[in-house]
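Listed below are the residues making up each chain.
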Amino acid sequence: MKIANTVEIKRRATALGFTATGVARLERNPHAPELDRWLADGHAGTMTYLNRQAEKRKDPRRIMPGAKCAVVTLTNYFHGSANPGRQPGEKTLGDGRVLNPGLPPGVSARVAQYAWSPDYHEVLGKRLEQLATAIRELIPGSRTRCYVDAGPVPERELAQLAGLGWIGKNMMLINPEIGSFTFIGVILTDADLEPDLPFEADRCGTCRRCLDACPTQAFVGPGNLDARACISYLTIEHRGAFDATQAPQVGDWLFGCDVCQDVCPWNVSFARETLDPGFAPQLEVARPDVRALAAMNESDFQRRYDRTPFTRPGHHGMRRNAAALLDP
């Protein structure tokens, strides 16, 4: 029954729209020493919550007492051609409007692809809850807990243990069939499921395109990102104003950065545009009016960008980002 239940859970995951699903046995994170060193080096910047979560990230068995395994899902969110020369504006909506085409004279703004669509926490959260319900129905008495890029869950490490890919030199989870433009969802459960074999191979080989392409040279080395220099961190997670060094570092990125994914050969070769209606691009997010954003009051910001990834840095953070692009 264990194998049959696991197969059925994966079938239902596919029916719910997940691109790939695996099962990982919960055990101590094999990357725990690397996390300790990374935090000790101060590479987390102002993300102090990572220090508070460290013990659970190093041993996910401590997150949910009694949990035996993690059901891990990948969902493709790729929206366009992944290549080093990709410029804003390559992709259009069905009515011909151009996404991210740049702004009036001399001001262009780029937004990371994962943010183009509605807030993935909500979309995937609902799907994960449906999958968790299926687990409890198939295995009466079992308990579940869902996570979408939240809480102390080491998503990439669990995805690797679930056989869904390897962690690349850019610290992204790379699936050999679809690349790295994916959302990771996790369901912790005490259900007795058949775990998949971990993905042991490192298929990056000698390639270092992601490291060399980083606009701010934020990678200290393979698999070692100093978040304090990362554009995604600066525009999303950094709290407070930019200093004289940080403001010019963001370049033309208003929110996030895709460069280390765009240049990855696995994305160039295998990333395919998502057809998932839940992640259809939203023009006001994919092609924001930077000048309006820089002057926007908080109530207008909430009305326009509520339930989008822009709420993570919030009104003050997005105005800060916009100001950096307008006054480089």
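Structural data are supplied above this passage.
How each quantity is defined
Residues numbered from 1 in each chain as written. Predicted model: local features only at pLDDT ≥ 70, side-chain atom pairs only at ≥ 80, totals over all residues. Heavy atoms only, no water. Buried < 20%, exposed > 50% of the residue type's maximum accessible area, 1.4 Å probe, protein only. Helix = DSSP H or I, 4+ residues; strand = E, 2+ residues; numbered from the N terminus. Pairing = 2+ DSSP bridges. Salt bridge = Lys/Arg side-chain N within 4 Å of Asp/Glu carboxyl O. Axes fitted to C-alpha atoms, helices over the stretch in contact; angles between N-to-C directions. Parallel < 35°, antiparallel > 145°, perpendicular 65-115°, else oblique. Left-handed = near helix turned anticlockwise from the far one by under 90°. Contact = heavy atoms within 4.5 Å. Arc of directions from axis to C-beta. Nonpolar A, V, L, I, M, F, W, Y, C, P; charged D, E, K, R; others polar. Phe/Tyr/Trp six-rings, centres within 6.5 Å; stacked < 30°, edge-to-face > 60°. Core = buried A, V, L, I, M, F, W, Y, C linked by side-chain atoms within 4.5 Å. Expected span 1.5 Å × (residues − 1).

Asker: Can you explain the pairing of strand S7 (residues 182–189)? Please cite residues and give values.
Answerer: With eight of eight residues buried, S7 lies mostly within the body of the structure. Alternating residues of S7 divide into Thr 182, Ile 184, Val 186 and Leu 188 and Phe 183, Gly 185, Ile 187 and Thr 189, and every residue in both groups is buried. Bridge count between strand S2 (residues 69–76) and S7: eight bridges; the pairing is antiparallel. Note on S7: the bridge partner recorded for Val 71 is Ile 187. Alignment of strand S4 (residues 144–148) against S7, held across five bridges, turns out to be antiparallel. Note on S7: the bridge partner recorded for Val 148 is Gly 185.

Asker: Could you give an account of the pattern of salt bridges, naming the residues involved and the relevant values?
Answerer: Under the defined criterion, the tally for this structure stands at 17 salt bridges. Lys 10 is the partner of Asp 196 in a salt bridge, and the nearest nitrogen-oxygen pair spans 2.8 Å. Linking Asp 196 in the loop between S7 and helix H6 (209–213) with Lys 10 in helix H1 (residues 2–16), this pair joins segments that are 186 residues apart in sequence. Judged by its relative accessible area of 25%, Asp 196 is partly exposed. Put simply, Asp 226 and Arg 228 hold a salt bridge, and the shortest N to O gap is 2.9 Å. Accessibility expressed as a relative area gives 14% for Asp 226, which makes it buried. Judged by relative accessible area, which is 39%, Arg 228 ranks as partly exposed. A cluster of three or more residues bridged by salt bridges with shared partners is formed by Glu 8, Arg 11, Arg 12 and Glu 137.

Asker: Residues and numbers for the packing of H1 against helix H4 (residues 120–138), please.
Answerer: One way to put it is that H1 packs onto H4 with a least axis distance of 10 Å and a crossing angle of 155°. Classed by the angle they form, the pair H1 and H4 counts as roughly antiparallel. Every pair of crossing elements has a handedness; the one defined by H1 and H4 is right-handed. The residues of H4 that touch H1, namely those facing Asn 5, Glu 8, Ile 9, Arg 12, Ala 13 and Leu 16, are Arg 127, Gln 130, Leu 131, Ala 134, Ile 135, Glu 137 and Leu 138.

Asker: Report on helix H2 (residues 32–40), specifying residues and quantitative values.
Answerer: Taken residue by residue, H2 has Ala 32, Leu 35, Trp 38 and Leu 39 as its buried positions. Projected onto a plane normal to the axis of H2, the buried residues spread over an arc of 120° and lie on a single side. Turned more than 90 degrees away from the buried face of H2 sit Arg 37 and Ala 40, all of them exposed. Tucked into the core, H2 has its buried residues touching helix H3 (49–58) and strand S9 (224–225).

Asker: Hey, could you go over the packing of H2 against H3 for me, with residue numbers and the actual values?
Answerer: To describe two helices that pack against each other, one gives the angle between their axes and the distance between the axes. At their nearest, the axes of H2 and H3 sit 10 Å apart, and the two run at 170° to each other. On the basis of the axis angle, H2 is roughly antiparallel to H3. Of the residues in H3, those touching H2 at Ala 32, Leu 35, Asp 36, Trp 38 and Leu 39 are Leu 50, Asn 51, Ala 54, Arg 57 and Lys 58. Classifying every residue of the contact of H2 with H3 by side-chain character gives six nonpolar, one polar and three charged.

Asker: So, the packing of aromatic side chains: which residues are in play, and what are the values?
Answerer: Applying the stated criterion across every chain yields a total of 15 aromatic pairs. Ring geometry for Phe 255 and Phe 310: centres 5.2 Å apart, planes at 45°, overall tilted. Taken together, the residues Phe 255 in strand S10 (residues 253–255) and Phe 310 in the loop between helix H13 (298–305) and helix H14 (314–326) connect sequence positions 55 residues apart. You can call Phe 255 buried: its relative accessible area is 0%. With relative accessibility at 0%, the residue Phe 310 sits in the buried group. With a centroid separation of 5.0 Å and 50° between ring planes, the pair formed by Tyr 305 and Phe 310 is classed as tilted. Here the two residues Tyr 305 and Phe 310 agree in accessibility, since each one is buried. Cluster of aromatic residues (ring-pair linked, three or more members): Tyr 77, Phe 78, Tyr 114, Tyr 120, Phe 181, Phe 183, Phe 255, Phe 279, Phe 301, Tyr 305 and Phe 310.

Asker: Which residues make up the nonpolar core, and what are the values?
Answerer: Within the largest apolar cluster, 68 residues are counted, with the highest numbers of intra-cluster contacts made by Tyr 114, Leu 254 and Phe 310. Tallying contributions element by element places H4 first for this core, with seven residues. Beyond its immediate chain neighbours, meaning those up to four positions away, Phe 310 contacts Val 111, Leu 254, Phe 255, Val 285, Pro 288, Phe 301, Tyr 305 and Met 318. Ranked by size, the runner-up nonpolar core spans 20 residues in total, among them Ala 24, Met 64, Leu 74 and Leu 161.

Asker: Could you give me a rundown of H14, with the residues and numbers involved?
Answerer: Because the α-helix completes a turn every 3.6 residues, residues three or four places apart line up on one side. Under the 1.5 Å per step criterion, the end-to-end length of H14 is 18 Å for 13 residues, consistent within 8% with the ideal 18 Å. Along H14, the positions that sit buried rather than exposed are Gly 314, His 315, Gly 317, Met 318, Arg 320, Asn 321, Ala 322, Ala 324 and Leu 325. The secondary structure elements touched by the buried residues of H14 are helix H7 (231–237), helix H8 (246–249), S10, helix H12 (290–295) and H13.

Asker: Go over the sheet that holds S4, please, and point to the residues and values.
Answerer: With antiparallel pairing, four strands are arranged side by side in an open sheet as S1-S2-S7-S4. Each edge of the open sheet is held by one strand with a lone partner, namely strand S1 (20–25) and S4. Strand-to-strand twist in this sheet, taken as the mean axis angle between neighbours without regard to direction, amounts to 20°. Against the sheet, H1 contacts S1 and S2, and its axis sits at roughly 145° relative to S1.

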